[in-house]
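# Reading the structure
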Amino acid sequence: MCIKCASVPGQRMDGAAFLIAFSELLLPIRPQDWGSVGRIGPNIQRRGEGVTDLKEFLEVKRTEPGDQGNTESEEGAGYEVHGMEKIPEEGPALIIFYHGAIPIDFYYFMAKIFIHKGRTCRVVADHFVFKIPGFSLLLDVFCAIHGPREKCVEILRSGHLLAISPGGVREALISDETYNIVWGNRKGFAQVAIDAKVPIIPMFTENIREGFRSLGGTRLFRWLYEKFRYPFAPMYGGFPVKLRTYLGDPIPYDPKITAEELAEKTKDAVQALIDKHQRIPGNIMSALLERFHNKQKIN
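On a predicted model such as this, the values are computed, not experimentally measured, just so you know.

Turning next to the sheet that holds strand E9 (residues 243-247). Pairing is mixed in the open sheet, where 7 strands are placed in the order E1-E9-E6-E2-E5-E3-E4. Pairing within the sheet leaves two strands with one partner each, and these edge strands are strand E1 (79-82) and strand E4 (144-145). In terms of strand pairing, strand E2 (residues 93-97) meets strand E6 (residues 200-206) through 4 bridges, oriented parallel. Paired with Leu94 across the strands is Ile200, a residue of E6. Lying on the sheet, helix H4 (residues 104-117) is in contact with E1, E2, strand E3 (121-124), strand E5 (161-164), E6 and E9; it crosses E1 at an angle near 65°. Sitting on the sheet, helix H8 (residues 188-196) touches E2, E5 and E6, and the angle it makes with E2 is about 165°.

What follows is the structure, encoded as structure tokens:
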């Protein structure tokens, strides 16, 4: 079942909720927390028996001084979120993000929302991932859907968070260390926001292209993707680089704006985050060193 039950008072959390919550806890966890995680871990295998312990531990994580959103306690960890306060405590919002070669950042981001907001976030995924054997549990954890537009509007009108990457697989394959946005003329996401009357929150993760890189920008692999709509391009990476997700100011619902205008406004907002926070071209070694040194200001 989807982890949406994790944020509903009075309902038990499914094993899928444990998967995303527990994996996030291991990423930025501090030495003094290991004892608590050790007590929770064995219970995860006994479906449902560790719910109370896990909820108590997550509540401690949320309410500890310095543990709201991104904090000093996370400095030196592999992943940070800046601007978590821009995610509403309740009610809908559409999150639009840049798609890395492998969107590992979104996996961590979803876990952060769950930890710090007690909320889950649906995500629109490409059709091909639903055909990959063994991916059903992962897609279930992510509450992933493949559309259509009407379903996206329904989710938002129901008060949920929804995330879309307009570039999708094409951006994952074709974009590179220059972080060019590959959206084409896509504006369906903007129409979704207009129909649901919700704000758009732009999102970008620094160094996401340094963690994994794709060779899909070559002529052969681009042709293969356009021909078969399947990402045949090889990738390499898995480098433990520093990842920082930045959330921009929400773009409020405006009944007078068109889908084309809203799409362009959103693209400009994501580009502004890239220009402000990302070294161009990206450098794997520099991104690795940022795990151990404070980030220098980028002009």
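Okay, the layout of surface pockets next. A water-sized probe, rolled over the atoms, reveals where empty space remains. Space inside the largest pocket adds up to approximately 1,200 Å³. Along its surface, the largest pocket is lined by 44 residues, and His99, Val124, Ala125, Asp126 and Val169 are the ones closest to its centre. Ranked by the residues each element gives to the lining of the largest pocket, the list is headed by helix H7 (residues 168-174), at 5 residues. A breakdown of the residues in the lining of the largest pocket according to their chemical character gives 31 nonpolar, 8 polar and 5 charged.

A packed helix pair is summarised by two numbers, namely the angle formed by the two axes and the spacing between the axes. The N-to-C vectors of helix H6 (residues 149-157) and H8 enclose an angle of 40°; their axes lie 9 Å apart at closest approach. Between H6 and H8, the interaxial angle falls into the category oblique. Here the hand of the crossing between H6 and H8 comes out right-handed. Residue-level inspection shows Arg149, Cys152, Val153, Leu156 and Arg157 of H6 in contact with H8, the latter providing Gly188, Gln191, Val192, Asp195 and Ala196.

Turning next to the packing of aromatic side chains. Throughout the structure, instances matching the rule amount to 11 aromatic pairs. Look at Tyr179 and Phe204: their rings are 5.6 Å apart centre to centre, the planes differ by 80°, and that puts the pair in the edge-to-face class. In this pair, Tyr179 is assigned in the loop between H7 and H8 and Phe204 in strand E6, connecting sequence segments 25 residues apart. The pair Tyr179 / Phe204 is uniform in exposure class, with both members buried. Seen from their ring centres, Tyr230 and Phe232 are 5.4 Å apart, and the 50° between their planes marks the pair as tilted. Each residue in the set Trp223, Phe228, Tyr230 and Phe232 is aromatic and connected to the rest through ring pairs, giving one cluster.

Cut-offs and rules
- Residues numbered from 1 in each chain as written.
- Predicted model: local features only at pLDDT ≥ 70, side-chain atom pairs only at ≥ 80, totals over all residues.
- Heavy atoms only, no water.
- Pairing = 2+ DSSP bridges.
- Helix = DSSP H or I, 4+ residues; strand = E, 2+ residues; numbered from the N terminus.
- Contact = heavy atoms within 4.5 Å.
- Axes fitted to C-alpha atoms, helices over the stretch in contact; angles between N-to-C directions.
- 1 Å grid on protein atoms, 1.4 Å probe; cavity = no way out; pocket = protein on both sides within 12 Å on 5 of 7 lines; lining within 4 Å.
- Points joined across faces, edges and corners; volume = space filled by probe spheres on them.
- Nonpolar A, V, L, I, M, F, W, Y, C, P; charged D, E, K, R; others polar.
- Parallel < 35°, antiparallel > 145°, perpendicular 65-115°, else oblique.
- Left-handed = near helix turned anticlockwise from the far one by under 90°.
- Phe/Tyr/Trp six-rings, centres within 6.5 Å; stacked < 30°, edge-to-face > 60°.
- Buried < 20%, exposed > 50% of the residue type's maximum accessible area, 1.4 Å probe, protein only.

So far we have only geometry, and geometry alone does not tell us how the molecule works.
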